Amino acid sequence: MLATKQPVLRRFWYAIMPIEQLESGPQPFTLLGEPIVLFLDAKGEPAALEDRCCHRTAKLSKGWCRNGNIVCGYHGWEYDRDGMLVMIPQFPFEQPIPDARARAFRTKTRYGYVWVALDEPLHDIPDIPEDGDPAYRRIFQFYDTWNTAALRLMENSFDNAHFAFVHKNTFGDIDQPRPEKYEIVETDYGFEAETLITVKNPPIAAKISGTTEPYTKRHMRNKWFMPFCRRLDMEYPSGIRHIIFNCATPIADGKIQVVQLLFRNDTEADCSTQELIDWDAAIIAEDRDILESTDPDAIVDMGRKIEKHMPSDRPGMLMRKRLLDLLHEHNEEEVPKPMAMDASAPEQRRLAV
Ligand code: FES
Ligand code: CO
C-alpha cells in the first residue's frame, strides 16, 4: 500500500512535531506527500497551511510570523491562520486584497505535539488516560525519521516472534524462540491485544523494571489505533508500568516520522529520564535496523501472496485486513508500488539488443 496514494489515510490525525519547535518560527513538514507549514497564531495555537504561496509559489516555511500571521519571504504577502491572504505590502491601502488563499488544515495540540489531519477525521486522536494523571510522568523519548512504511512499525510492535532475534542483545532470549500467544479483541478504532511474555533482564533492565530477577514475565495490554498509532502497556511484576505510545506519521511512501512518548508510574529517583530514554533507544535502534531492510511497500491485500506467514503474524494480518476493509469502505482499492521491471521479459531483451 502506497500511503500517499490512499486518500482515506488523509482522514486521520498524525503527530507532526513538538509544539515547542514552533516557537522559533514557521516549520516545514511533509505529511502523506503533502508539503505543509506549521506556525503559531496570535493565540499561540498551531496552524497548518499548504507550504506554497499563491503568488509565485515560494515555500511559506521560508518566511516568518507577524502577529500570528505568516509572511511569505519572497514578496511579503501575508496569510492568517486560516490561509486567507490579509496583506499585500505592494498594494495601495484602498485597493481590495484579491480573494486568494493557501489551503488550511485542521490542527490540535495533544501530548506536547502538534497533530494534523489533512481531511475530515474519521476518529479522534487516540486517548492516553495516563497523560495528566499525577501518578504518571510523561517522557519525550524520540522524534526520528525512518526509511520504512508505517505499517511495518505497527505490525512489528505486536510481533512476539522477533524479540528473541532482533532484541537478543537487550531483552530477548535467543534460546526461547517460541512466541507467546496474543488474545486479540477488535474495536472500532483497531484492536486490543493482551499477552504475558518472558524477558531477559540485564542489569539496567532490572532498574527499568524494578526487579533483580534475571528473567521476568511482563503483562502486556496493547492497543492498535488505526492506521498508525500504537500503545504498548507493559506491567512488570514490581507494579511499574512502562507505557510506550507511538505515532508512525507517514511523510512519503517508505518514509515515516516516528514519535515516541513514554508514561511511567514511578519517579526520577527510581529511574532517571535519561536511563529510560537510553534503554528504549537501544531497543528501537534494533527494530529500526531490521525494519529499514524490509520492503517499504507493506501490502495490505494478502491475496497478492507477496509474503509467507506464521501464526505469530496474526496481529499484523489483522491490521492488513482492517486497513483493506477501510479502503473498501471508502471505495478505494489498494495502490501498490509498481512491479519492478523484469529484466528477462522479452520486451526488455528486445530493447537491450
Ligand atoms: Fe510569496 Fe511572492 S511568492 S509573496
Ligand atoms: Co522490537
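- Looking up the chain in an unreviewed UniProt entry gives the name Aromatic ring-hydroxylating dioxygenase subunit alpha, with the organism given as Bradyrhizobium niftali.

**Brief notes about the coordination of the cobalt ion (ligand 2)**
Ideal coordination angles are 109.5 degrees for a metal with four donors arranged tetrahedrally and 90 or 180 degrees for a metal with six donors arranged octahedrally.
Then, in step 1: Surrounding the cobalt ion (ligand 2) are the protein donor atoms H162 (NE2), H167 (NE2), D287 (OD) and D287 (OD), at 2.0 to 2.6 Å.
Then, in step 2: Here the cobalt ion (ligand 2) binds four donor atoms, and the angle range of 56 to 154 degrees at the metal identifies the geometry as irregular.
Then, in step 3: H162 gets classed as buried once you look at its relative accessible area, which sits at 8%.
Then, in step 4: The class of D287 is buried, set by a relative accessible area of 5%.

**Some points on the nonpolar core**
Then, in step 1: Counting residues in each nonpolar core, the largest one holds 67 residues, and the members touching the most others are Y14, L31, L38, W115, V116, F228 and L323.
Then, in step 2: Here the element with the most residues in this core is helix α5 (residues 314-329); it accounts for six residues.
Then, in step 3: Here F228 is in contact with M1, L9, Y14, A150, L151, M154, N246, C247, A248, P250 and L323, once residues within four sequence places are set aside.
Then, in step 4: In terms of nonpolar packing, the next biggest core, distinct from the first, is built from 19 residues, I208, I244, C271 and W279 among them.

**As for the side chain of T211**
Then, in step 1: Within the secondary structure, T211 sits in the loop between α3 (203-209) and β14 (215-225).
Then, in step 2: Owing to a relative accessible area of 13%, T211 belongs among the buried residues under this scheme.
Then, in step 3: There is a polar contact of 3.1 Å between the side chain of T211 and the backbone nitrogen of E213.

**Looking at the UniProt feature "domain: Rieske" (unreviewed entry) in the chain**
Then, in step 1: UniProt feature "domain: Rieske" (unreviewed entry): in the numbering of this structure it lies at residues 13-116.
Then, in step 2: Secondary structure content for residues 13-116 is 0% helix and 42% strand, and the end C-alpha separation is 5 Å.

**A short note on the packing of aromatic side chains**
Then, in step 1: Inspection of every chain in the model, using the stated rule, returns ten aromatic pairs.
Then, in step 2: By the ring-pair criterion, three or more aromatic residues cluster together here, those being F158, Y182, F191 and W224.

Each value, and the rule that gives it
Residues numbered from 1 in each chain as written. Chains lettered and ligands numbered in written order. Predicted model: local features only at pLDDT ≥ 70, side-chain atom pairs only at ≥ 80, totals over all residues. Heavy atoms only, no water. Donors = N, O, S within 2.8 Å, 3.2 Å for Na, K, Ca; no water. Tetrahedral: all angles 85-135°; square planar, octahedral: opposite > 155°, others 65-115°. Buried < 20%, exposed > 50% of the residue type's maximum accessible area, 1.4 Å probe, protein only. Core = buried A, V, L, I, M, F, W, Y, C linked by side-chain atoms within 4.5 Å. Helix = DSSP H or I, 4+ residues; strand = E, 2+ residues; numbered from the N terminus. Contact = heavy atoms within 4.5 Å. Polar contact = N/O pair within 3.5 Å; in protein donor to acceptor, adjacent residues only side chain to side chain. UniProt positions renumbered as here; feature names shortened; annotations may be inferred. Phe/Tyr/Trp six-rings, centres within 6.5 Å; stacked < 30°, edge-to-face > 60°.

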